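# Coordinate analysis (summary)
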Amino acid sequence: MSVHEISMLIDGQQVQSNSQDWLDVLNPANQETVAKVPMATEAEVDSAIESAKQAFTSWKKTSLAQRQNIMLRLQDLVLENRTKLAELITVEHGKTLPDAEGEVDRGLEVIRHACSITSLQMGEIANNVAGQVNVYTLNKPLGVCAGITAFNFPIMLPCFMFPMAVVAGNTFVLKPSEQDPSSTMFLANLACQAGLPNGVLNVVHGGADVANRLCDHPDIKAVSFIGSTHVGTHIYQRASNAGKRAQCMMGAKNHAVIMPDANKDQAINHVLGSCFGAAGQRCMANSVVILVGEAREWIEEIVQRSQSLLVGPGTNRAVDVGPLVQPAALERVRSLIQSGVDQGATLLLDGRDVSVEGYPNGNFVGPTVFTNVKTDMDIYSQEIFGPVLCVLEAENLEDAIEVINANPNGNGTSIFTSSGWNARQFEEDIDVGQVGINIPIPVPVAYFSFTGSRASKLGDLGPNGKQAIQFWTQTKTVSARWFEPGTGSDQVNTTISMK
């Protein structure tokens, strides 16, 4: 397989970096190097920001209809290239092709939502609030904005950011993950083909130095981040201290509650799909299941179905669980599994020694299931980001809710039940920002906002939905009066009242 050097996108041009620091992009199924990605220099990052700054002067004046038309064309281009995008994801990330195709579809949801900008960016008006005075608001773009994304969704996460930002009149600098950047670059090139003017969307690659520069640069007005809690906390603090608007979607420990009245087959299959899909490398994975009452008798079946899942390269459409993204991730997951054993949890299914024929060097971990898990164990307190399921037990729904609310994270949670009363009690009492009722991964459709909460989120506004427009725009309020020609005034008004 040929190894290509990944370029940057600056001012509408494919730019080869002058950096002396390049990283190998690996196929996680076999450790073959498929690409090399540069760690951009500070001068290159500044060049991308300057390009975006220059482009903003004209882009902000582009009509809503023109911006909408570009998003409509981008929608068509992404749909036409769905297979290609999915293949690029699978080669560098490792997730299965069907899962990668699903990711492209979720990204498309956001682009389609961005096509509604002609109504989304409307302001408000109050007519004749005082004598011949109208007050109205305008939702104006901020300027140059930035996005920093994690490896686990190289198409969906950028779509959570730049389509809504640019369609609202901003320009953008994107730093995708250096672990799997090719699909993101392909998407950015499609956006240029759709008609984004030069400089409206720029892409630079790198690690902490590039992220810090985006947080510090005075011309960046807002920063969006999706990734780990450790990095997200740093990004939020650094960007906020520099006076920027910031939002950070971060780590999670998601729980699924299975009630004894649930549809057993549906509940088990959905929870296992949520936990083990993408090899557990989802911030919305339900990595903890709480079996309530008689549902505790289903553990054996959970293990049997977990054991039946096929582990292998994501290019094989029959595969259920692909490889982890990097050798370091493999070692971390293995280490956490061992910590579970050492700390006293019962390992019912151990996926550490899984063997995949023809792929001896792949980063594979098979489905792993623990019972007798305590909340002070590392496998519970840490986000494993691997195919590891922790099974907890509860006497009743109230006890299950208490466990979930005691966890600091609030990204998502689910309940499986046939009882409307149980579902309503769960919905009302749970302190988690996104709730699924018989839905394993409660990421809402793109015209609703992503509303993870507590330790899983920093910032008041999340991606997508109405909150996205609020985040990527600033409100300008205008109070206007027009005098009738030829009229005068014989009194000076020294009060603050509006007459």
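Residues numbered from 1 in each chain as written. Predicted model: local features only at pLDDT ≥ 70, side-chain atom pairs only at ≥ 80, totals over all residues. Heavy atoms only, no water.

## Quick look at a nonpolar patch on the surface
Taken together, the side chains of Val445, Tyr447 and Phe448 make up a nonpolar region of the molecular surface, amounting to roughly 320 Å² of accessible area. Relative to the helices and strands, Val445 resides in the loop between β20 (435–437) and β21 (453–454). (Patch = residues over 30% accessible without salt bridge, like charges linked within 9 Å, V, L, I, M, F, W, Y side chains within 5 Å. Areas by Shrake-Rupley, 256 points an atom, 1.4 Å probe, with all protein chains shown as cover. Salt bridge = Lys/Arg side-chain N within 4 Å of Asp/Glu carboxyl O. Helix = DSSP H or I, 4+ residues; strand = E, 2+ residues; numbered from the N terminus.)

## Let's talk about the pattern of salt bridges
Summed over all chains, the structure comprises 18 salt bridges. Among the ionic pairs, Glu103 bridges to Lys95, the shortest N-O distance being 2.7 Å. For Lys95, a relative accessible area of 1% puts it in the buried group. Taken together, the shared-partner salt bridges in this structure form one network comprising Lys264, Asp265, Glu301 and Arg305. (Buried < 20%, exposed > 50% of the residue type's maximum accessible area, 1.4 Å probe, protein only.)

## Some points on the packing of helix α2 (residues 64–80) against helix α8 (residues 182–193)
Their axes nearest at 9 Å, the elements α2 and α8 cross at an angle of 135°. The angle between α2 and α8 places the two elements in the oblique class. For α2 against α8, the interelement crossing comes out right-handed. Between α2 and α8, the contacting residues are Leu74, Leu77 and Val78 on the first element and Leu187, Leu190, Ala191 and Gln193 on the second. (Axes fitted to C-alpha atoms, helices over the stretch in contact; angles between N-to-C directions. Parallel < 35°, antiparallel > 145°, perpendicular 65-115°, else oblique. Left-handed = near helix turned anticlockwise from the far one by under 90°. Contact = heavy atoms within 4.5 Å.)

## What about unusual backbone geometry?
For residues besides glycine, phi is generally negative; the peptide bonds are generally trans as well. Unusually for a residue other than glycine, Gln132 sits at a positive phi of about 60°. Checked against the element boundaries, Gln132 lands in the loop between β6 (125–130) and β7 (133–141). Despite not being glycine, Phe385 shows a phi value in the positive range, around 55°. In this structure, Phe385 sits in the loop between α14 (378–381) and β17 (388–394).

## So, the state of the cysteines
Cysteine pairs can be covalently joined through their sulfur atoms, and such a bond is termed a disulfide. Under the counting rule described, the total for this entry stands at zero disulfides. No disulfide involves Cys145; its sulfur sits 13 Å from that of Cys215, the nearest cysteine. Overall, the relative accessible area of 0% leaves Cys145 in the buried class. The cysteine Cys275 is free of any disulfide, with Cys390 supplying the nearest cysteine sulfur at 8.1 Å. For Cys275, a relative accessible area of 1% translates into the label buried. (Disulfide = S-S within 2.5 Å.)

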